[in-house]
Structures are given as structure tokens and as C-alpha cells.
Amino acid sequence: MTTLTEPQATIQDYAGYEDWLDSIRARTEPERAIPERRLSLDGSKNADRIEKAAILDYANACHWQPDGSCEVESMSDRRKRYIVTAGGSCNCKDAFYRTRACKHVLAALGGPVVWAIKWIRTCEAIHETMDRYALHLTICEQQGIKPEYVALLDAEYNSHLAKLGDPFAN
Ligand SMILES: [Zn+2]
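Residues numbered from 1 in each chain as written. Predicted model: local features only at pLDDT ≥ 70, side-chain atom pairs only at ≥ 80, totals over all residues.

## A few points about the packing of helix α4 (residues 49-58) against helix α7 (residues 111-122)
Then, number 1: The geometry of α4 relative to α7 is characterised by a closest axis approach of 9 Å and an angle of 120° between their N-to-C directions. By the angle between their directions, the pair α4 and α7 is classed as oblique. Considering the relative orientation of α4 and α7, their crossing is left-handed. For the pair α4 and α7, the contacting residues are Ile50, Ala53, Ala54 and Asp57 in the first and Gly111, Val114, Trp115, Ile117 and Lys118 in the second.
Then, number 2: Its residues assigned to classes, the contact of α4 with α7 comprises six nonpolar, one polar and two charged. (Axes fitted to C-alpha atoms, helices over the stretch in contact; angles between N-to-C directions. Helix = DSSP H or I, 4+ residues; strand = E, 2+ residues; numbered from the N terminus. Parallel < 35°, antiparallel > 145°, perpendicular 65-115°, else oblique. Left-handed = near helix turned anticlockwise from the far one by under 90°. Contact = placed C-beta atoms within 7 Å. Nonpolar A, V, L, I, M, F, W, Y, C, P; charged D, E, K, R; others polar.)

This is the structure in C-alpha cells:
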């Protein structure tokens, strides 16, 4: 599989790119509701942590504290809250037993990555996938999302491209 190493080159190919980007960014909030079939507040219907993190974000379950930490409501019991630190740790069981970021950490610290992955998953064409990736990569950069979370977007992008078929094969 060929990995695209220069996504920035893609967005720079657009004339009037900034206007285009602004128009899309302005629509980002309402657009969150568009992939309805992929978004349900019932967590049991969404198996992976990206989907769960998106639900937490969508449900405004993240509550930032003055000390820089974030209290994230439990999906099963909204009165219960987990503490996510700015450094990326969480006191839930999932985070304790696994080394990867749990849904609370993703919701609190990787929101743009979570939504970018959801958008990539809805793309049905290669060029659309590339556009989405470039756009959301820029948003992640602007919002100062840490590389370890952006790496999740990279992984999703590459696997989604592979699923659609590699235009650079042969
Ligand atoms: Zn957690």
C-alpha cells in the first residue's frame, strides 16, 4: 500500500483554498448531526472507542476544570465522572488495563481527531477522503492536537484509502 506522505500538498492545490476551508469550518458544528446513521447517543450501538468518544463529545459530557483537568461523564451513569488530565491519563478501568487512550481521553483531548475519523469513514471516494483528511489535519494543527492523537487519524486515513482502492498502485 502506498502511503501519502505529503497531505499538505493536496490542500495547496486548491485555488481559493482559504475561503473553501472557512466555509466548511463554519458548517462544522451543524454538520456534526449529518451522519445520523452513524451517530446515536446509545453507546451500546457503537462498538469502538472513537464512536463512544464522539458520543461523549456530542452529548457535552466533558467538563473542563480550573486546574486544567477534564471531568468526563460516565456513559452508563452520567452522575459518575472520570478525571482526564492534560497529560492524557484517565482514572477509568479501561485506561488502567490498556495502554491506549480510552474514550474519555479521546473525547477530552482528541475531539477534532474523533470527528475527523468519523468523517473519513463516511467518504465513499478517494478524492473525498483526501480532502477530508487534509481539512481535518489542518484543524487538528490549528487546535494544537497532540501528535499521538493525530496518529489515529493517519491510521484511519490510510486504512480507508486501502479499503477504497489505491490510486497509486502499479
Ligand atoms: Zn477513561
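## Topic: the sheet that holds strand β3 (residues 81-84)
Then, number 1: Pairing is antiparallel in the open sheet, where three strands are placed in the order β1-β2-β3. The sheet is open, and its two borders are formed by β1 (62-64) and β3, each paired with just one other strand. The mean angle between the axes of side-by-side strands here comes to 25°, regardless of whether they run parallel or antiparallel.
Then, number 2: As paired strands, strand β2 (residues 70-73) and β3 are joined by four bridges and run antiparallel to one another. Residue pairing in the sheet places Glu73 in a bridge with Arg81 of β3. (Pairing = 2+ DSSP bridges.)

## Let's talk about the environment of Glu141
Then, number 1: Checked against the element boundaries, Glu141 lands in helix α8 (residues 126-142).
Then, number 2: In this structure Glu141 comes out as exposed when scored by C-beta crowding, with 12 C-beta atoms within 10 Å.
Then, number 3: C-alpha separation for the pair Glu141 and Pro112, spaced 29 residues apart in sequence, amounts to 9.7 Å. (Buried ≥ 20, exposed ≤ 12 C-beta atoms within 10 Å, placed from the backbone.)

## Some details on α8
Then, number 1: For α8, spanning 17 residues, the distance from its first C-alpha to its last is 24 Å, which sits close to the expected 24 Å at 1.5 Å a residue.
Then, number 2: Regarding α8, the residues found buried are Thr129, Arg132, Tyr133, Ala134, Leu135, His136, Leu137 and Cys140.
Then, number 3: In the segment just after α8, Gly144 is the residue with positive phi, at about 65°. (Expected span 1.5 Å × (residues − 1).)

## Focus: the nonpolar core
Then, number 1: Grouped together as the largest cluster of nonpolar side chains are 36 residues, with contacts concentrated most on Val113 and Val114.
Then, number 2: Of all the elements in the fold, those that place two or more residues in this core are α4, β2, β3, α6 (103-109), α7, α8 and α9 (147-164).
Then, number 3: In terms of residue count, α7 provides more of this core than any other element does, seven residues in total.
Then, number 4: Taken domain by domain, this core gets at least three of its residues from each of domain 1 (10-37 + 111-164) and domain 2 (59-109). (Core = buried A, V, L, I, M, F, W, Y, C linked by C-beta atoms within 7 Å. Domains from an automatic or database assignment.)

## Notes on the packing of α8 against α9
Then, number 1: The N-to-C vectors of α8 and α9 enclose an angle of 175°; their axes lie 10 Å apart at closest approach. By the angle class used here, α8 and α9 are roughly antiparallel. Contacts from Ile126, Thr129, Tyr133, His136, Leu137 and Cys140 in α8 reach Val150, Leu153, Tyr157, His160, Leu161 and Leu164 in α9.

## Describing unusual backbone geometry
Then, number 1: Located in the positive-phi region is Asn60, a residue other than glycine, with phi close to 55°.
Then, number 2: Looking at where Asn60 falls in the secondary structure, it is placed in the loop between α4 and β1.

## Some points on the pairing of β2
Then, number 1: Taking every second residue as pointing to the same face, the buried face of β2 carries Cys70 and Val72, while none of Glu71 and Glu73 on the other face is buried.
Then, number 2: As paired elements, β1 and β2 share three bridges and run antiparallel to each other. Considered in β2, the bridge of His63 is made with Glu71.
Then, number 3: Linkage of β1 to β2, two consecutive antiparallel strands, is achieved through a turn of five residues, within which Gly68 is found at a positive phi near 95°.

Just distances and angles here, no functional claims.
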